[in-house]
Amino acid sequence: MGSDSEAERSQQKEKEKEKKRMLALAPIAKPLAGKKLGKRALKLVRRAAEDKCLKRGVKEVVKSIRRGQKGLCIIAGNISPIDVITHVPILCEESDIPYVYVPSKEDLANAGATKRPTCCVLVLKKPTKGELSVEKQDKLKAEYDQVVNDISELTSSLF
């Protein structure tokens, strides 16, 4: 009997954490990834980090976009102050780079293999240095295309 009440308490704590996360979201965090798309996006970030196809942080992302590199931009929605990232979606739209917001900068950092919370990451199609094996390249491209298609569906339903 004690374990049932403990399980219920843990479920309540999870729900409270989720509510706090949603309250901490910035008002400009649109398009916001749902649970399924969020998990897929973070999985893609994890794979890109393993394959060295990832740019982390606002400075690196902006530099890469201005240099003309293409990819997928994933932005954390709970950034404070919000002025740090307000220019990133505009740059992405000008360069025709798809972007999506995820609820937590901590989750984004964990997926990107860093301990420090990350504002945004840019997932590249291929690494800047070196080459990937054909098998890894195909897996990365398949996941990348799936997430980009989901994001395009999400943005088309918003506008």
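Here's a quick rundown of the structure. (Residues numbered from 1 in each chain as written. Predicted model: local features only at pLDDT ≥ 70, side-chain atom pairs only at ≥ 80, totals over all residues. Heavy atoms only, no water.)

**Concerning the overall build of the protein chain**
In terms of helices and strands, the protein chain carries 6 helices and 4 strands. In sequence order, the secondary structure elements of the protein chain are arranged as α-α-β-α-β-α-β-α-β-α. The C-alpha radius of gyration computed for the protein chain amounts to 17 Å, which stays within 12% of the reference 15 Å derived for 159 residues, consistent with globular compactness. Overall, the C-alpha framework of the protein chain stretches about 55 × 35 × 30 Å when taken along its three principal axes. (Helix = DSSP H or I, 4+ residues; strand = E, 2+ residues; numbered from the N terminus. Rg over C-alpha atoms; globule rule 2.2 N^0.38 Å.)

**Looking at the packing of aromatic side chains**
Counted according to the given criterion, the structure contains 1 aromatic pair. Between tyrosine 99 and tyrosine 101, the aromatic rings sit 6.3 Å apart at their centres with planes inclined by 80°, giving edge-to-face as the arrangement. Tyrosine 101 shares its class with tyrosine 99; the two are buried. (Phe/Tyr/Trp six-rings, centres within 6.5 Å; stacked < 30°, edge-to-face > 60°. Buried < 20%, exposed > 50% of the residue type's maximum accessible area, 1.4 Å probe, protein only.)

**Observations concerning the pattern of salt bridges**
With the rule as written, the count across this model stands at 4 salt bridges. Between aspartate 150 and arginine 40 there is a salt bridge, with its nearest N and O atoms 2.5 Å apart. Taken as a pair, aspartate 150 in helix H6 (residues 134-158) and arginine 40 in helix H2 (residues 35-50) lie far apart in primary sequence, 110 residues in all. Its relative accessible area of 19% is what places aspartate 150 among the buried residues. Under the relative-accessibility criterion, arginine 40 is labelled partly exposed at 26%. (Salt bridge = Lys/Arg side-chain N within 4 Å of Asp/Glu carboxyl O.)

**A closer look at the pairing of strand E4 (residues 120-124)**
A large share of E4 lies buried, amounting to 5 of its 5 residues. Burial along E4 is two-sided: Cys120, Leu122 and Leu124 facing one way and Val121 and Val123 facing the other are all buried. Where strand E1 (residues 54-56) meets E4, 3 bridges bridge the pair, whose relative direction is antiparallel. From the neighbouring strand, lysine 55 faces E4, where its bridge partner is leucine 122. When strand E2 (residues 71-76) meets E4, the two strands line up antiparallel, connected through 5 bridges. (Pairing = 2+ DSSP bridges.)

**A word on the sheet that holds E1**
The sheet built from 4 strands is open, its strands ordered E1-E4-E2-E3 with mixed pairing. At either margin of the open sheet sits one strand with a lone partner, and together these are E1 and strand E3 (99-102). On average, each strand axis in the sheet is inclined to that of its neighbour by 20°, with strand direction left out of account. Running over the sheet, H6 touches E2, E3 and E4 and is turned about 60° from E2. (Axes fitted to C-alpha atoms, helices over the stretch in contact; angles between N-to-C directions. Contact = heavy atoms within 4.5 Å.)

**Overview of H2**
Between its first and last C-alpha, H2 extends 23 Å over 16 residues, near the 22 Å set by a 1.5 Å rise per residue. For H2, every residue scored as buried is listed here: Leu37, Gly38, Ala41, Leu42, Leu44, Val45, Ala48 and Ala49. Buried residues of H2 fall within an arc of 155° about the axis and therefore sit on the same side. Projecting away from the buried face of H2 at angles above 90 degrees are the exposed residues Lys35, Lys36, Lys39 and Glu50. The inward-facing, buried residues of H2 abut E1, E2, E3, helix H5 (105-111), E4 and H6. A positive backbone phi angle near 60° is found at lysine 52, which sits one or two residues after H2. (Expected span 1.5 Å × (residues − 1). Arc of directions from axis to C-beta.)

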